[in-house]
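A look at the structure
Residues per chain are reported as follows:
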Amino acid sequence: MQHPAFEEVSFHHHTDDATFKKRVIRTTILLSVITVIELAIGIIIYNIHKGESPNHTLVLMFKGMVCILTLAKAYYIVSVFMHLGDEIRNMIMTIVVPLMLFIWFIAAFIWDGNSYKNLRNKYDKHFEETTMPREHHKAADHPMTPAATPGGKE
Amino acid sequence: MANTATAHQTKWWNGGKSPFNLEYGKLMMWYFLMSDAFTFGAFLISYGSIRFSQNFWPDPNVVFNAFPGAGHANLPLAFVSVMTFILIISSVTMVLAVHAGHKGDKQSVIKWLFWTIIGGLAFLGCQAWEWHHLITGEHIVLADGKLSMMGQTTTGNPWGQLIEDQATLTAALNSTSHETLAHIVHSHDHTHTMQDLLAKSDTELRGMVNLAEMHVREKGPIAFGGYFYGITGFHGFHVFSGVVINIIMLIMTQKNVFQNKGHYLMIEKAGLYWHFVDLVWVFVFLCFYLI
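Residues numbered from 1 in each chain as written. Chains lettered and ligands numbered in written order. Predicted model: local features only at pLDDT ≥ 70, side-chain atom pairs only at ≥ 80, totals over all residues.

**Brief notes about the pairing of strand β1 (residues 139-143) of chain B**
Residues in a regular strand project their side chains so that they alternate between the two faces of the sheet. All names here are of chain B. Across 5 bridges, the pairing between β1 and strand β2 (residues 146-150) is antiparallel. Paired with Ala 143 across the strands is Lys 146, a residue of β2. Where β1 hands over to β2, the hairpin turn is made up of 2 residues, of which Asp 144 adopts a positive phi near 55°. As paired strands, β1 and strand β3 (residues 217-218) are joined by 2 bridges and run parallel to one another. The residue bridging Val 141 from the neighbouring strand is Arg 217, located in β3. (Pairing = 2+ DSSP bridges. Helix = DSSP H or I, 4+ residues; strand = E, 2+ residues; numbered from the N terminus.)

Structure below.
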């Protein structure tokens, strides 16, 4: 099937119907299952937050898991649905290598945001007092001083 | 595939053929999508940066807990999971349309493109409902020592910290304006009309407010609204343009444009764009609804 418009393309991938069908069904199920797991983790996080004293390390761990699952989903969409996995290596690298910038991009800006928060809490006491989350059960113990217990500052 | 690749390996850069084994339009679509990924990435990272700069950020499960037709039921993640599955399924139908195009099967291309368009429109409908619900659904907020009603907009955020101190709430209730009191009562008691409520005295209205059952919050970080509407709106705009592109593809297929050309490469390019929209949603879903 060599068309005039394809002259620059040296070879094509021909997947027969059966293999194609199997691949699409497999990927669809994979994406759905990963999404369901993500939703389940979302519900778990919700229930941890609802509890009396949320375990923040546990929440962070679950959030990390959701991030990894999302990357897995992104991999399957790009590699199977967008057929990037079927392209030649040179082509894949021109897409994937620039995207590596994201590693620095994410780390640097999240770090920056966090540092801004720490500086503001240090030098802007009003900001800290008005925005720092209160521990719910502690507020109930001292009903008259709701804002006076900013949790855990050095 | 590995065998064919090695057979061509040495001659990739000799000219006369694409060194990436892709026709020009498709390659450029890939590079456009890469640049678009950086645009979305920049928005999402900016959101992350602001979020990390705050001591408090609203819990997504509190903000997004509504479902059409379910009233005030607390259903975190339910509606957004429907939206996510709609996009996944429409991505699958697009894969099928592209595959039908490979085989030159015009009727199948039309069929699967049609379902992809339906999926895109369904997603846009869901998003419209969600935005409408967030903007018009008003919540009771304590600000400047009095209660007020506020929706989720780009200038105000009603999802601050929950206030559990009854003394503070009672004091705030006593300095709340007549009109706001009527609104607060009306928001959870539909047996009276707004006019009836406005005719009542402040004391009567205060008596009708059940402070213990109301979830009164402080104002939350204002940036939340701008980021949410900005990023989901930008994504929604991509979905919208994807739907428009798919409709054009459908009409062109119907008019035998691709049949006469002898190939359905345009469907492949539209398909890439559509999958990218799904890909971006995966990350929007992660950043706004899950973490």
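**Structural notes on the domain arrangement of chain B**
All names here are of chain B. As far as domains go, chain B holds domain 1 (73-136 + 147-156 + 224-291) and domain 2 (137-146 + 157-218). Here the C-alpha centre of domain 2 lies 39 Å away from the C-alpha centre of domain 1. Residue-level contacts link 12 residues of domain 1 with 17 residues of domain 2. Taken together, the elements giving at least two residues each to the side of domain 1 that touches domain 2 come down to α5 (106-136), β2 and α10 (223-254). For the side of domain 1 that touches domain 2, the element with the highest residue contribution is β2, accounting for 4 residues. (Domains from an automatic or database assignment. Contact = placed C-beta atoms within 7 Å.)

**Brief notes about the sheet that holds β2 of chain B**
All names here are of chain B. With respect to topology, 3 strands assemble into an open sheet ordered β2-β1-β3, the strand pairing being mixed. Across the chains shown, the open sheet's two edge strands, defined by having one partner strand only, are β2 and β3. Of the strands in this sheet, β1 and β2 touch helix α7 (residues 178-188), which is tilted by about 60° from β2. (Axes fitted to C-alpha atoms, helices over the stretch in contact; angles between N-to-C directions.)

**Some points on the nonpolar core**
Ranked by size, the top nonpolar core spans 64 residues in total, and within it Ala 97, Phe 285 and Leu 286 of chain B carry the most contacts. Every element with two or more residues in this core is listed here: α1 (17-50) and α2 (56-81) of chain A together with α2 (24-52), α4 (78-102), α5, α10 and α12 (265-290) of chain B. For this core, the leading source of residues is α12 of chain B, giving 18 residues. Here Leu 286 of chain B is in contact with Val 66, Cys 67 and Thr 70 of chain A together with Ile 291 of chain B, once residues within four sequence places are set aside. Core analysis: the next-biggest nonpolar cluster, separate from the first, contains 15 residues, Ile 163, Ala 172, Leu 181 and Ile 184 of chain B among them. (Core = buried A, V, L, I, M, F, W, Y, C linked by C-beta atoms within 7 Å. Buried ≥ 20, exposed ≤ 12 C-beta atoms within 10 Å, placed from the backbone.)

**As for the packing of α1 of chain A against α4 of chain B**
Two elements in contact, α1 of chain A and α4 of chain B, have axes separated by 11 Å at closest approach and are oriented at 170°. Comparing their axes, α4 of chain B and α1 of chain A come out roughly antiparallel. Facing Phe 20, Val 24, Thr 28, Leu 31, Ser 32, Thr 35 and Leu 39 of chain A of α1 of chain A, the residues of α4 of chain B in contact are Ser 81, Thr 84, Phe 85, Ile 88, Val 92, Val 95 and His 99 of chain B. Of the residues belonging to the contact of α1 of chain A with α4 of chain B, the class tally is 8 nonpolar, 6 polar and no charged. (Parallel < 35°, antiparallel > 145°, perpendicular 65-115°, else oblique. Nonpolar A, V, L, I, M, F, W, Y, C, P; charged D, E, K, R; others polar.)

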